[in-house]
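Per-entry structural report
The primary structure of each chain is shown beneath.
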Amino acid sequence: MSEIFLKTSDLSLGYSNQIVIDGLDIQLSYEKDYQIIGKNGAGKTTLMNFIALNFDGSHFKSNVHRSQISINQISSTSTLIQELTLSENIDYYTSETSLTSDEKLNIVFKYLPKDYLNEKIKSFSSGMLRRAELSIIEIKSPLVFCIDEPLNFLDSEGVLLLVDLIKNRSITNKCNILSSQEFVDLGGLEFEVINLDEY
Amino acid sequence: MNINKNILKKEILVEFKNSSSLFLITPTMSVLIIIFPILIENRFAVDEDLFIISHLLFLIIFSTLFAIRKPIILHELIKELNFGNYKKIEFFNSKSLAEFLIFLPQIFILNILFSAFTNSSVNVSILYFMISVVFFAINACMINIIFQIFTSFNNRFVQFILIVPMYLALSFFIGPLWLGLGQELANIYLLMYLGITVVIFATTNYYIEKEDLQ
């Protein structure tokens, strides 16, 4: 089985009639880690949303071949349901994993204090929201994990948790895709760089 | 049928925690309480059928307010479904069922209160009345979700303007039934309503499945 999960040629993405990414050829394998870098407006978030199937703009004359695999994205705005508690969100988003409730909670408590479990998401700070999403990613362990601006909102402890998560995923041959303005050094981890300023 | 119990549970939980339906039924009922006793005072001048027409009007207003109480933002919905690895078809079916379960009791309460406050009744047997309300509720919920996931109108005013004619069309089947029809004609109307429900459900499922496969 091929390790390539996404192959595009002449990929053009945009919104309405405005083209953001024009003529991009990429080939992504889930056994590698990637960093998408570029200036503001270069199309990092657009490309990331496209990879994670969250793109809601227009595809122009693009050729895209994609495998059906599990991809999860953490974007700049939280995906968690604001009206529900953390515990209810975890039940909702991780229902299909084989882990038991206790195993899931052990992972969650690595990222957040126990008091947060029955708090509504809308009372969470940005940092805690991101930690909650990271804990869900660790529970779900998708084949591909995309994160936009990885260091945003996280304190030093949060960054260490993120680095650990990415390292552990890399060891088990799972793909991590980061996007930021400049290359982010995460404890010496190797990344293939997709520089959108060059396109 | 692709119904996901997690989506169903989440939708009902969110509704329960928001109590948004309560904020709708209260003002609608307040209007009813204030206006209709005044009308009843002059009942000699009001035709009996007017109450049934007003009944339908209240049903449409309430359904429209219910439909636009919490707009679905398509981009956020797609993100949520992808993060939870849920399919769009599961969302449509589960959300339709959740909305129906939330909406139906409220519609029955509305109907009971309307009859109580106006001292009027519809000219149809209770069984036919209930079946017609159930069909109306199923179709209203499905049309609302279809409308929201196939269009990008996040503006409540635009939604209000566009969804009212659709609900008017649904109520055209109820109108003659409530005003009093013979048994055979009533059966035909209910069968037509069933046919519309099946067609809406099947067409939507077809388009969503087709979209997911691409």
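Just so it is clear, the structure is predicted and the values come from calculations on it, not from any experiment.

**Looking at the overall build of chain A**
Of the regular secondary structure elements, chain A holds five helices and nine strands. When the helices and strands of chain A are read in sequence order from the N terminus, they spell out β-β-β-α-β-β-β-α-α-α-β-α-β-β. Computed over C-alpha atoms, the radius of gyration of chain A comes to 17 Å, within 12% of the 16 Å expected from 2.2 N^0.38 for 199 residues, which places it in the range of a compact globule. Its C-alpha atoms give chain A principal-axis dimensions of about 50 × 35 × 30 Å. Counting across all 199 residues of chain A, residues that qualify as buried make up 35%. Expressed as a percentage of contacts within chain A between residues at least 6 apart in sequence, the contacts between residues at least 24 apart total 74%.

**Structural notes on the packing of helix H1 (residues 5–18) of chain B against helix H5 (residues 88–118) of chain B**
Relative placement of two packed helices is described by the angle separating their axes and the distance separating the axes. All names here are of chain B. Packing of H1 against H5 leaves a shortest axis separation of 8 Å and a crossing angle of 40°. Comparing the axis directions of H1 and H5 gives the class oblique. Note that H1 runs across H5; the crossing there is right-handed. In contact with Ile7, Leu8, Glu11, Ile12 and Glu15 of H1, H5 contributes Glu90, Phe91, Ser94, Lys95, Leu97, Ala98, Leu101 and Ile102. The residue makeup of the contact of H1 with H5, split by class, is eight nonpolar, one polar and four charged.

**Some words on the sheet that holds strand S7 (residues 144–148) of chain A**
All names here are of chain A. Taken in spatial order, the five strands make up an open sheet running S6-S7-S8-S3-S9, and their pairing is parallel. Unpaired on one side and paired on the other, strand S6 (71–74) and strand S9 (192–195) mark the two borders of the sheet. Averaged over all neighbouring strand pairs, the angle between strand axes comes to 15°, with direction disregarded. Strand direction decides the pairing type here: strand S3 (residues 34–37) and strand S8 (residues 175–180), joined by four bridges, are parallel. Its bridge partner being in S8, Ile37 is matched across the sheet by Ser180.

**Here's the deal with the interface of chain B and chain A**
The interface of chain B with chain A comprises 15 residues on the first partner and 16 residues on the second. In terms of residues, the side of chain B that touches chain A owes the most to one element, helix H4 (residues 74–83) of chain B, which gives seven residues. A per-class count over the side of chain B that touches chain A returns five nonpolar, six polar and four charged.

**Quick notes on the packing of helix H4 (residues 126–140) of chain A against helix H5 (residues 156–171) of chain A**
Residues and elements named next belong to chain A. Contact geometry for H4 and H5: axes closest at 11 Å, N-to-C directions at 20°. Judged on the interaxial angle alone, H5 and H4 are roughly parallel. Judged by the sense of rotation from one axis to the other, the crossing of H4 with H5 is left-handed. Contacts from Gly127, Arg130, Arg131, Leu134, Ile137 and Glu138 in H4 reach Gly158, Leu161, Leu162 and Leu165 in H5. Among the residues forming the contact of H4 with H5, the class breakdown is five nonpolar, two polar and three charged.

**Some words on unusual backbone geometry**
All names here are of chain A. Positive phi values are uncommon outside glycine, yet Asp10 reaches one of about 55°. Topologically, Asp10 is positioned in strand S1 (residues 4–15). A positive phi angle, near 60°, is found at Asn173, a position not held by glycine. Structurally, Asn173 can be placed in the loop between H5 and S8.

Analysis parameters
The written sequence of each chain sets the order in which its residues are numbered from 1. As a convention, the first chain written is A and the first ligand written is 1, with the rest following in written order. Under the rules for a predicted model, residues below a pLDDT of 70 receive no local features and side-chain atom pairs below 80 are neither given nor counted, while totals for whole chains, interfaces and linings still include all residues. Here a strand is any run of E in DSSP of at least two residues, a helix any run of H or I of at least four, and the numbering for each starts at the N terminus. When we talk radius of gyration, it's over C-alpha atoms, and the globule rule is simply 2.2 Å times the number of residues to the 0.38. To sort residues by burial, count the other C-beta atoms lying within 10 Å of each one's C-beta; a count of 20 or more means buried, 12 or fewer means exposed, and anything in between means partly exposed. C-beta atoms are built from the backbone. In this description, a residue-residue contact is defined by the distance between C-beta atoms placed from the backbone, which must lie within 7 Å. Interaxial angle, 0 to 180 degrees, is taken between N-to-C directions of lines fitted to C-alpha atoms, where a helix line uses only the stretch in contact. Oblique is the label for any angle not covered by the other classes, which are roughly parallel (under 35 degrees), roughly antiparallel (over 145) and roughly perpendicular (65 to 115). Handedness of a crossing follows from how the near helix is turned relative to the far one, being left-handed for an anticlockwise turn of less than a right angle and right-handed for a clockwise one. Residues were grouped as follows: Ala, Val, Leu, Ile, Met, Phe, Trp, Tyr, Cys and Pro as nonpolar; Asp, Glu, Lys and Arg as charged; and all remaining residues, including Gly, as polar. Whether two strands pair depends on DSSP finding at least two bridges between them.

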